[in-house]
Amino acid sequence: LHKTKVTVVGSGNWGSVAAKLIASNTLRLSSFHDEVRMWVFEETLPSGEKLTDAINRNNENVKYLPGIKLGKNVVADPDLDNAVNGANMLVFVTPHQFMEGICKRLVGKIKVDVEAISLIKGMEVKMEGPCMISTLISEQLGINCCVLMGANIANEIALEKFSEATVGYRENRAIAEKWVHLFSTPYFIVTPVQDVEGVELCGTLKNVVAIAAGFVDGLEMGNNTKAAIMRIGLREMKAFSKMLFSSVKDSTFFESCGVADLITTCLGGRNRKVAEAFARGGGKRSFDELEAEMLQGQKLQGVSTAKEVYEVLSHRGWLEFFPLFATVHEICIGSLPPSAIVEHFERKPEL
Ligand code: NAD
Ligand code: 13P
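Owing to the predicted nature of the structure, the values given are computational and were not obtained by experimental measurement. (Residues numbered from 1 in each chain as written. Chains lettered and ligands numbered in written order. Predicted model: local features only at pLDDT ≥ 70, side-chain atom pairs only at ≥ 80, totals over all residues. Heavy atoms only, no water.)

Asks: Please clarify how the overall build of the protein chain should be interpreted in this entry.
Replies: If you tally the helices and strands in the protein chain, you get 14 helices and 10 strands. For 351 residues, the compact-globule estimate of 2.2 N^0.38 gives 20 Å, and the C-alpha radius of gyration of the protein chain, at 20 Å, lies within 12% of that figure. Here the C-alpha coordinates of the protein chain stretch approximately 65 × 45 × 40 Å along the principal axes. Excluding contacts between residues fewer than 6 apart, the proportion of contacts in the protein chain whose partners are at least 24 apart in sequence is 72%. Counting only carbon and sulfur atoms, one obtains 53% of the accessible surface of the protein chain, whose full area is about 14,600 Å². (Helix = DSSP H or I, 4+ residues; strand = E, 2+ residues; numbered from the N terminus. Rg over C-alpha atoms; globule rule 2.2 N^0.38 Å. Contact = heavy atoms within 4.5 Å. Areas by Shrake-Rupley, 256 points an atom, 1.4 Å probe, with all protein chains shown as cover.)

Asks: So what exactly am I meant to see when it comes to the packing of helix 8 (residues 196-218) against helix 10 (residues 256-268) here?
Replies: The relative placement of two packed helices is expressed as an angle between their axes plus a distance between the axes. Look at helix 8 against helix 10: their axes get within 8 Å of each other, and the N-to-C directions meet at 30°. Classed by the angle they form, the pair helix 8 and helix 10 counts as roughly parallel. The crossing of helix 8 and helix 10 is right-handed. For the pair helix 8 and helix 10, the contacting residues are Val199, Cys202, Gly203, Lys206, Asn207, Val209, Ala210, Ala213 and Asp217 in the first and Cys257, Gly258, Asp261, Leu262, Thr265 and Cys266 in the second. Class assignment for the residues of the contact of helix 8 with helix 10 results in 8 nonpolar, 4 polar and 3 charged. (Axes fitted to C-alpha atoms, helices over the stretch in contact; angles between N-to-C directions. Parallel < 35°, antiparallel > 145°, perpendicular 65-115°, else oblique. Left-handed = near helix turned anticlockwise from the far one by under 90°. Nonpolar A, V, L, I, M, F, W, Y, C, P; charged D, E, K, R; others polar.)

Asks: What should I look at first to understand the nonpolar core in this one?
Replies: As a rule of thumb, soluble globular proteins bury nonpolar side chains together. Ranked by size, the top nonpolar core spans 52 residues in total, and within it Phe215, Phe240, Phe287, Phe325 and Ile341 carry the most contacts. Taken together, the elements giving at least two residues each to this core come down to strand 8 (144-149), helix 8, helix 9 (223-244), helix 10, helix 11 (270-280), helix 12 (287-295), helix 13 (302-316) and helix 14 (323-332). For this core, the element with the most residues is helix 8, which contributes 13 residues. Once residues lying within four places of it in the same chain are set aside, the contact partners of phenylalanine 287 are Ile211, Phe215, Val274, Ala275, Phe278, Leu300, Val303 and Cys332. (Core = buried A, V, L, I, M, F, W, Y, C linked by side-chain atoms within 4.5 Å. Buried < 20%, exposed > 50% of the residue type's maximum accessible area, 1.4 Å probe, protein only.)

Asks: I'm lost on the environment of arginine 316 in this one. Help?
Replies: By the element assignment, arginine 316 lies in helix 13. Taking relative accessible area as the criterion, arginine 316 reaches 35% and is therefore assigned partly exposed. Note: C-alpha distance between arginine 316 and glycine 129 (187 residues apart in sequence) is 9.4 Å. Discounting chain neighbours no more than four positions away, the residues touching arginine 316 are Pro130 and Leu244.

Asks: Would you explain the site of ligand 1 in this entry?
Replies: Near ligand 1 there are 23 residues, and of these Asn13, Lys121, Ala154, Lys299 and Gln301 occur at the shortest range. Separating an oxygen atom of ligand 1 from a backbone N or O atom of glycine 12 is a distance of 3.2 Å. For ligand 1, an oxygen atom lies 3.0 Å from a polar atom in the backbone of tryptophan 14. In the complex, the protein chains occlude 90% of the 830 Å² of accessible area that ligand 1 would expose alone. The element best represented in the shell around ligand 1 is helix 1 (residues 13-28), accounting for 3 residues. (Near = heavy atom within 4 Å. Polar contact = N/O pair within 3.5 Å; in protein donor to acceptor, adjacent residues only side chain to side chain.)

Right, here's the structure in full:
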């Protein structure tokens, strides 16, 4: 019988947890090959050992997810072509800025009928306008691509604490169900929703709101202010998504990918944490510097997403409708001080 082979493209903090979740299910479900390949962007550890060798020797991503066993059926592979060779299902989970390059390298290397899913929160802005990462994957590789987003701080799921996620799909419900099967565990409940753009935009845009929440924390403005920022942020997320894609559904914002992810990221995410440090330092130390110092190789998505959203807003003449999104970018690039996060609401949105 033909068994489905799964490859995870990416091996950061969430990538490693995704491989662990999937590997627990491929062992259990007879329709899948036990082995899960995980592509590693190779690097040398301070010990001199290659990261891939360390992962395969310890069954643990010692750099991006220390202390967690991935499952013996996870095999790390630094060779992208080899990692995807023969795969029937591809799980993309790298920081969004690397996906364009990775897609270029994958052209002609994958099966024509492969199914893909993106766990990546972010977007690209091209001459023609914004391009979601699932669309980039779909268009560059000529394959179908679902998304999985949700309130999913990776370190908590690694410890098998209960959480939920949303699979966004375009038309094919059966494919969405296959992804749900591959990811679901008793502590990870996955719900399919037919709104791929809405689900992906929720995951992408909440990172911009998380930066704003971090500023508020750094300025010690308290819980009411943070709740206000989250509410205004959610409203801008919904308005922006619907202005880009009229098909986006209101109900999507009540799924795990919407309000739940917004809450967890504004409480406990990396974007929030680094933005707090930025505001505490009065904006004098750049995000790049703080990211390198605080995250040990992990990457922020919110700062570049704020820039990408700003480009779309200014290009379309929508800046005045999105004071929170616009102000976050202007603070990130140093045009405004962090305190502007609550001072620049004269651009009055009532969308
Ligand atoms: P990460 O930020 O922990 O790690 C960065 C990764 O980028 C590492 O695997 C590193 O090897 C890789 N990398 C560095 N330079 C590279 C290059 N030039 N080319 C390719 N890869 C390179 O990664 P992550 O947390 O797995 O994040 C991946 C995506 O998942 C992001 O879009 C993020 O928003 C999303 N996400 C993360 C979490 C979380 O809690 N970590 C939760 C949900 C979604
Ligand atoms: P951060 O990248 O801010 O840590 O957010 C993680 C996340 O997306 C949780 O769902």
